[in-house]
Amino acid sequence: MAIQSVEISCPKCDAPVSVGQETCEWCHSPVTISTFNSVYDMPMPMVNKYASVYRKALAEHPDNQTLNNSVAMCYLKLKLYDKALPAFEKAMEDNFDNSETFFYAAICLLEGKKAFLHQRATIDKIIEYINAANMIEPKGIYYYFLAYIKYDYFKRKFLNTTPNYSDLLKTAIAQGLSKNDVEQLYAILGVERPAEL
């Protein structure tokens, strides 16, 4: 699906830009947020400014996948899971080429709490989203997150599951899991890393 041309103000310098641009020609900042890495180290006031620009544009273009994905990344950074999840889900509609959208939607479902504390229906939805992300583009961090879910929910509740967390951990490592990915995941999740993982 082609990116709909939407004119907005650059979230950093207020210059006129288009959602289709990667960076602002004036300040060279990203116009939209396509990955969480773009906002991971961004100061909170700047994340709020980006989110505000996207919210205004979404008022006129509510179905724009790029804007929905961008605002969702900002909301996730701000730990506003209840706002991030619907924006990620809107960005998913008819757009099955961005694995990160599914991955971060799954993270939002945990709402900053351990998997162990959630209902089975929520866990099943998380697994569905992670499996979708892996079907689009298998990544070590996706398998690792699934290993975390299988450990913290299934193993801790003494429930049998296949593949189990240790099988998924091996797959994650084989898929190129990095220490940095793991550290960033737990920072986003807001939970402690289990010793077993």
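Here we summarise the structure given alongside this text. (Residues numbered from 1 in each chain as written. Predicted model: local features only at pLDDT ≥ 70, side-chain atom pairs only at ≥ 80, totals over all residues. Heavy atoms only, no water.)

**Focus on helix H8 (residues 165–174)**
Here is the rule we go by: Residue exposure (1.4 Å probe, protein chains only): buried if accessible area is under 20% of the type maximum, exposed if over 50%, otherwise partly exposed. Each helix corresponds to a stretch of at least 4 residues labelled H or I by DSSP, and each strand to a stretch of at least 2 residues labelled E; elements are numbered beginning at the N terminus. What the arc measures is the spread of directions leading from the helix axis to the C-beta atoms. Two residues qualify as a contact provided that any one of their heavy atoms is within 4.5 Å of a heavy atom in the partner residue. We define a polar contact as two N or O atoms separated by no more than 3.5 Å, with the added condition that, inside protein, one atom must be a possible hydrogen donor and the other a possible acceptor, whereas residues neighbouring each other in sequence contribute only through side-chain atom pairs.
For H8, the set of buried residues is Tyr165, Leu168, Leu169 and Ala172. For H8, the angular spread of buried residues about the axis comes to 105°, placing them on one side. Set apart from the buried face of H8 by more than 90 degrees, the exposed residues are Lys170 and Ala174. Packing partners of the buried residues in H8 comprise helix H7 (140–155). You can read the cap of H8 off the contacts: a side-chain oxygen lies 3.1 Å from the backbone nitrogen of Ser166, and it is on Asn164. The positive-phi residue at the C-terminal boundary of H8 is Gly176, with phi of around 90°.

**Regarding the environment of Asn164**
With respect to the helices and strands, the residue Asn164 is situated in the loop between H7 and H8. A C-alpha to C-alpha distance of 6.2 Å links Asn164 and Lys150, two positions 14 residues apart in sequence.

**Examining the environment of Asp63**
Of note, Asp63 is situated in the loop between helix H2 (44–60) and helix H3 (65–77). For the pair Asp63 and Ala91, spaced 28 residues apart in the sequence, the C-alpha separation amounts to 7.8 Å. Excluding residues that lie within four positions of it along the chain, Asp63 makes contacts with Asn68 and Lys90.

**As for the packing of helix H6 (residues 120–136) against H7**
For any two helices packed against each other, the geometry comes down to the angle between their axes and how far apart the axes lie. Applied cut-off: Throughout, an axis means a line fitted to C-alpha atoms (over the contacting stretch in the case of helices), and angles, computed between N-to-C directions, take values from 0 to 180 degrees. For classification, angles of less than 35 degrees are called roughly parallel, those exceeding 145 degrees roughly antiparallel, those between 65 and 115 degrees roughly perpendicular, and all remaining angles oblique. Should the near helix be turned anticlockwise from the far one by less than a right angle, the crossing is left-handed, and should it be turned clockwise, the crossing is right-handed. Here the nonpolar group is Ala, Val, Leu, Ile, Met, Phe, Trp, Tyr, Cys and Pro; Asp, Glu, Lys and Arg are the charged ones; every other residue, Gly included, is treated as polar.
Relative orientation of the contacting elements H6 and H7 amounts to 160°, with a least axis distance of 10 Å. Comparing their axes, H7 and H6 come out roughly antiparallel. H6 and H7 meet at a crossing whose hand is left-handed. On the side of H6, the interface is formed by Arg120, Ile123, Ile126, Ile127, Ile130, Asn131, Ala133 and Asn134, while H7 contributes Tyr142, Tyr143, Phe145, Leu146, Ile149, Lys150, Tyr153 and Phe154. For the contact of H6 with H7, the class distribution of residues is twelve nonpolar, two polar and two charged.

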